[in-house]
Each structure stands twice: as C-alpha cells, then as structure tokens.
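# Reading the structure
Each chain, written out:
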Amino acid sequence: MDLVQLEIFKAVAEHGSISAAAAQIHRVPSNLTTRIKQLEQDLGVDLFIREKSRLRLSPAGWSFLEYARRILDLVQEARATVAGEEPQGAFPLGSLESTAAVRIPQLLAAYNQLHPKVDLDLSTGPSGTMIDGVLSGRLAAAFVDGPVLHPALEGVPAFEEEMVVIAPLNHAPVQRAADVNGENIYAFRSNCSYRHHFEKWFSTDAAVPGKIFEMESYHGMLACVSAGAGLALMPRKMLQSMPGSATVSVWPLAADFRYLTTWLVWRRGTVSRSLSMFVRLLEERGVVRAEG
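Residues numbered from 1 in each chain as written. Predicted model: local features only at pLDDT ≥ 70, side-chain atom pairs only at ≥ 80, totals over all residues. Heavy atoms only, no water.

## What to know about the side chain of Ser 58
When you line up the elements, Ser 58 lands in the loop between β2 (54-57) and α4 (59-82). Assessed through its relative accessible area of 7%, Ser 58 is described here as buried. (Helix = DSSP H or I, 4+ residues; strand = E, 2+ residues; numbered from the N terminus. Buried < 20%, exposed > 50% of the residue type's maximum accessible area, 1.4 Å probe, protein only.)

## Thoughts on the nonpolar core
Of all hydrophobic cores here, the largest spans 35 residues; its most connected members are Ile 166 and Trp 201. The set of elements that each furnish at least two residues to this core consists of β6 (153-168), β7 (185-187), α8 (193-204), α9 (218-226), β9 (231-235), α10 (236-241) and β10 (248-252). Each residue touching Trp 201, except ones within four places of it in the same chain, is listed here: Val 165, Val 174, Arg 176, Ala 177, Val 180, Leu 253 and Phe 257. The next biggest cluster of nonpolar side chains, apart from the first, holds 21 residues, and it includes Leu 108, Trp 266, Phe 278 and Leu 282. (Core = buried A, V, L, I, M, F, W, Y, C linked by side-chain atoms within 4.5 Å. Contact = heavy atoms within 4.5 Å.)

## A look at helix α3 (residues 29-43)
For α3, spanning 15 residues, the distance from its first C-alpha to its last is 21 Å, which sits close to the expected 21 Å at 1.5 Å a residue. Every buried residue belonging to α3 is among Leu 32, Arg 35, Ile 36, Leu 39 and Glu 40, and all of these are buried. The arc that holds every buried residue of α3, seen down its axis, measures 140°, which confines them to one face. Gly 44, located one to two residues past α3, shows a positive phi value of around 80°. (Expected span 1.5 Å × (residues − 1). Arc of directions from axis to C-beta.)

## Looking at the packing of helix α6 (residues 105-114) against helix α12 (residues 273-284)
Here α6 crosses α12 at 125°, and the two axes come no closer than 11 Å. When the interaxial angle is binned, α6 and α12 end up oblique. Crossing handedness for the pair α6 and α12: right-handed. On α12, the residues touching Leu 107, Leu 108, Ala 110, Tyr 111 and Leu 114 of α6 are Ser 274, Met 277, Phe 278, Leu 281 and Leu 282. Classifying every residue of the contact of α6 with α12 by side-chain character gives 9 nonpolar, 1 polar and no charged. (Axes fitted to C-alpha atoms, helices over the stretch in contact; angles between N-to-C directions. Parallel < 35°, antiparallel > 145°, perpendicular 65-115°, else oblique. Left-handed = near helix turned anticlockwise from the far one by under 90°. Nonpolar A, V, L, I, M, F, W, Y, C, P; charged D, E, K, R; others polar.)

## Focus on the packing of helix α2 (residues 18-25) against α3
Where α2 meets α3, the closest approach of the two axes is 9 Å, and the angle between their N-to-C directions is 110°. In terms of their interaxial angle, α2 and α3 are classed as roughly perpendicular. Together, Ile 18, Ala 21, Ala 22 and Ile 25 of α2 and Pro 29, Leu 32 and Thr 33 of α3 make up the contact between the two elements. Here the residues of the contact of α2 with α3 are counted per class, giving 6 nonpolar, 1 polar and no charged.

## Examining the environment of Gly 230
Mapped onto the fold, Gly 230 is located in the loop between α9 and β9. Counting along the chain gives 17 residues from Gly 230 to Phe 213, while the straight-line C-alpha distance between them is 9.3 Å. Ignoring any residue separated from it by four or fewer positions in sequence, one finds Gly 230 in contact with Ile 166, Ala 167, Pro 168, Asn 184, Tyr 186, Cys 224 and Val 225.

Everything listed here is a matter of geometry and, on its own, says nothing about what the molecule does.
Set out below in structure tokens:
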C-alpha cells in the first residue's frame, strides 16, 4: 500500500466512477482500475460494490475511506510543518446554528485574517449531525452541545449558554415543566441535543409535551410561539439577537437545566495545523471559558 493508491482510492470513492476520478487526478482510467484491484488484494477485502459503470463503497470501503482521508491529511500536514509553512488548505468546520449566528462570526473573521491560505468552510446543523461529520472525517472539528463522551472524540469547552423557554406573551408563568404539561412545542429534528434537553426537562417533572413540531430555524420557532401556537427552547443569546424577541415571554429554567456548555470537538489524534491555530485563537481571545 502506498500514498498513490490511497489518493486513487479516495478519488474513486468520492466520485463514484473510475472515469470521473481519472479526469480529476489526471490519470488514465486503466491505471486507476489496476491500482484499486491491487489495493483490494493487499487488504484482502472488496472496497467497492461494482454496479455496471459505477462503483459503490462496500461497508469495508466506507471504513477504509475514513482512514485514507486521515492518513492523507496527516501527510499534507507533516509536509507543511517540516517546510515551516503557515496553515493552508481545506478546514471544514461544523457548528450549531445558534453558535454560528451569535458566538463565532468575529472569531471566524479574525482567523481568516490571520490565516488567509486556509479555506474555512462552515456547515451548521444539530449536534448529532455535526458529531457524525467529525467522526466520518467530513468535518475537521465542530461546535456541539457537550460534554461529548464518545471515545473517538476530544475537545475543549467554548461557551456556556443560558437556555430559556419562550411562550406567548399572555401565557401564564412557566416555573416548571408541570406548568406546561401537554402543550405543543417547537424544536429541531430528533438528533438535536437541545430538543433532548427540552424533552428531559418535561420528563424529569413527570410531564410530557403535546405535539412536537419540527422546525428548521430559530426564526421559525419564534414566529410560531409569537403567534400563540406553542413553546420553544433556545439559548437566551440567540433569542436576544433576533428581531421580534419582545413578542414572546421568556422563562429561565431551574438550575439543573438552565445552562448548557458548547464544546469544540475533533477526532482524537487528528489535530491539524489549521485546527491547532484555531484552538490557539480561541484561547488567546479568552473564548474557551464558561460564561455565567
């Protein structure tokens, strides 16, 4: 096995065909076919499922792709480090929507000014989706709700968010979940950690929400709650950033549920130069701390 084989395998896996991969890495298709077969013989497994003119990764192929990406990234990182080069290349970063909206814009702008050769690509989504992206190698790191206990991940705490329940303006006081037992709520998809936190708040008080309406944005949640259609949970800082925040009533949660810490996480043992510079910037700006 050599680096050329890994680069060929990665290209074919990402393009799904020999011809497309060959065009991308400027090699003849027959050479790619031969090198892929040699790699499979060396590993003793089929990395692809052949379907006419297309190739689909086998289960073993999906697993191997993750390692191939990590090996190639480490080689690139090693070359840059030995050459004394500044961080460069792709740096795919994931984030919770609220963190991307109100916590990190200035941080990303500063990082871009310091390291203009880094191609920072930001994706947003629920914690579950972001963690999957880090584990698969699609994301170099991500801001997620923590602490993250997965054995393959490590990270640092970044922000402490105060979580609040928002309700229609004329709603009765919300002191505990039992006060809103059976009421409809608005939340993100089921892999959202904030949704899990909201549901746990209900269940711990022997209460249950009514219907759960899945939304795609905090702005949508705010509009629905403002119209008197239900409740939602969100970070106070996110709420304060949105027009219309005064059209709902705001209720803090009890101490056990009031604060959640956002972490920056990455796959254990895969700290690239771009990521290490990003963490350093967090530390220099005093961002890696709890905020009361």
